[in-house]
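A structural walkthrough
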Amino acid sequence: MTLSKILIPIVLAAATLMASAATPYSTNEARAARAYDGGEWASAAALYQIMLSERPDSVSSYARTIVASTLIADTVMPTEMVERAMAHGIGFDDVLDGVRSESYAVGHSEIYSGLLKRLQQSKPYIRRAIDRRLLDYYLYRNDGARIIEYATVMLHGLPDDVTFLGNLAEGYVLIDDYDKAEATWLHILEIQPREYDATVNLAAYYISVGRNDKAQEYINRAQSIRPTPWLTAKAQQINNQKDGK
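Now for a description of the structure that goes with this document. (Residues numbered from 1 in each chain as written. Predicted model: local features only at pLDDT ≥ 70, side-chain atom pairs only at ≥ 80, totals over all residues. Heavy atoms only, no water.)

1. Comments concerning the pattern of salt bridges
Taken as a whole, this structure holds 11 salt bridges when the rule is applied. Among the salt bridges present, the one from Arg64 reaches Glu102, with a minimum N-O distance of 3.3 Å. With Arg64 in helix 4 (residues 59–71) and Glu102 in helix 6 (residues 92–105), the pair connects residues that are 38 residues apart, well separated along the chain. Look at Arg64 and you get buried, because its relative accessible area is 18%. The salt bridge involving Lys123 is made with Glu83; its shortest N-O contact spans 2.8 Å. (Salt bridge = Lys/Arg side-chain N within 4 Å of Asp/Glu carboxyl O. Helix = DSSP H or I, 4+ residues; strand = E, 2+ residues; numbered from the N terminus. Buried < 20%, exposed > 50% of the residue type's maximum accessible area, 1.4 Å probe, protein only.)

2. Let's talk about the packing of helix 8 (residues 127–141) against helix 9 (residues 144–157)
Relative to each other, helix 8 and helix 9 sit at 145 degrees, their axes nearing to 9 Å. You can see that helix 8 and helix 9 cross each other, and the crossing is left-handed. On helix 9, the residues that touch Arg128, Asp131, Arg132, Leu134, Leu135, Tyr138 and Leu139 of helix 8 are Arg146, Ile147, Tyr150, Ala151, Val153, Met154 and Gly157. Class assignment of the residues belonging to the contact of helix 8 with helix 9 gives a composition of nine nonpolar, one polar and four charged. (Axes fitted to C-alpha atoms, helices over the stretch in contact; angles between N-to-C directions. Left-handed = near helix turned anticlockwise from the far one by under 90°. Contact = heavy atoms within 4.5 Å. Nonpolar A, V, L, I, M, F, W, Y, C, P; charged D, E, K, R; others polar.)

3. Some points on the packing of aromatic side chains
This structure, assessed with the given rule, holds 10 aromatic pairs. Summarising the aromatic geometry, the rings of Tyr104 and Tyr112 are spaced 6.3 Å apart at their centres and angled 85 degrees between planes, so their arrangement reads as edge-to-face. For Tyr104, a relative accessible area of 26% gives the class partly exposed. When the centroid spacing of 5.7 Å and the interplanar angle of 20 degrees are considered together, the rings of Tyr138 and Tyr150 count as stacked. With a gap of 12 residues between them, Tyr138 in helix 8 and Tyr150 in helix 9 connect regions that are remote in the sequence. Overall, Tyr138 belongs to the buried group, its relative accessible area being 6%. Judged by its relative accessible area of 7%, Tyr150 is buried. Here the aromatic residues Tyr104, Tyr112, Tyr137, Tyr138, Tyr140 and Tyr150 are joined through ring pairs into a cluster of three or more. Sitting over the ring of Tyr25, Arg55 keeps its end group 3.7 Å from the ring centre. (Phe/Tyr/Trp six-rings, centres within 6.5 Å; stacked < 30°, edge-to-face > 60°. Lys NZ or Arg CZ within 6 Å of the ring centre and 35° of its normal.)

4. Comments concerning the layout of surface pockets
Looking at the second largest pocket, its volume works out to about 170 Å³. What lines the second largest pocket is a set of 13 residues, among which Gly166, Asn167, Trp185, Asp197 and Asn201 lie closest to the centre. Looking at the lining of the second largest pocket, the elements that each hand over two or more residues are helix 10 (162–174), helix 11 (178–191) and helix 12 (196–208). It is helix 10 that provides the largest number of residues to the lining of the second largest pocket, a total of seven residues. Split into classes, the residues belonging to the lining of the second largest pocket amount to six nonpolar, four polar and three charged. (1 Å grid on protein atoms, 1.4 Å probe; cavity = no way out; pocket = protein on both sides within 12 Å on 5 of 7 lines; lining within 4 Å. Points joined across faces, edges and corners; volume = space filled by probe spheres on them.)

5. Here we look at helix 8
An ideal rise of 1.5 Å per residue puts 21 Å on 15 residues; helix 8 measures up with 21 Å between its terminal C-alpha atoms. For helix 8, the complete set of buried residues consists of Ile130, Asp131, Arg133, Leu134, Leu135, Tyr137, Tyr138 and Leu139. Packed against the buried residues of helix 8 are helix 6, helix 7 (110–122), helix 9 and helix 10. Phi for Asn142, located one or two positions after helix 8, is positive at around 55 degrees. (Expected span 1.5 Å × (residues − 1).)

6. A word on unusual backbone geometry
Outside of glycine, negative phi angles account for most residues, and trans bonds account for most peptide bonds. Its identity is not glycine, yet Ala73 carries a phi of approximately 65 degrees, on the positive side. Mapped onto the secondary structure, Ala73 falls in the loop between helix 4 and helix 5 (77–87). Taking the relative accessible area as the measure of exposure, Ala73 reaches 42% and is therefore partly exposed. A positive phi is found at Asp176, a non-glycine position, where the angle reads about 65 degrees.

Now the structure itself:
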């Protein structure tokens, strides 16, 4: 981005601030929404900051300021807004949930993940909570390599957590490393023998590679936990193959 492309929105935002400082809150609220919906990010960021000076407990205003300021390449304002929100008693998770919702709504989910990565550096004391959010983000994005990375990070503190192990297996599936996925599902069942998802995933995997005896074993185990029409149909399919039907 050229210097002029950075400076022009800043100048416009300054003009917005001067024009709106003494304007009623409801008017600024309507103007901010119009600017935000119209992609006028500099004006939107400025207007939401004005609104926050009057109502500093508005989660949505913080979230929209963070999104708008990021979209004009302001690398300082987003983390400052998080700090300011927390200083006014707003929960860390509430702010991040708001940013996630707004960034997805405007089609820039990378704003949310980028903020998380900056906060990793500025707030190392809550890094684990941020790592968990990044894991959830990459699960949403179906990014196998990143899922493996962050599931592994989470398992450092909780090596037998079957949720994170399940996430790890999902990452392996997404990068087509089925040997490691299988090993991970089996490890889950060593920890928690009646863990349903791992049992069904093993059944589906063994069906896909033609290992029907193993598939039948895990179908039976899954049915003993939670029978479903899919399991019944697959069991019948294997029996028909055995009978040569």
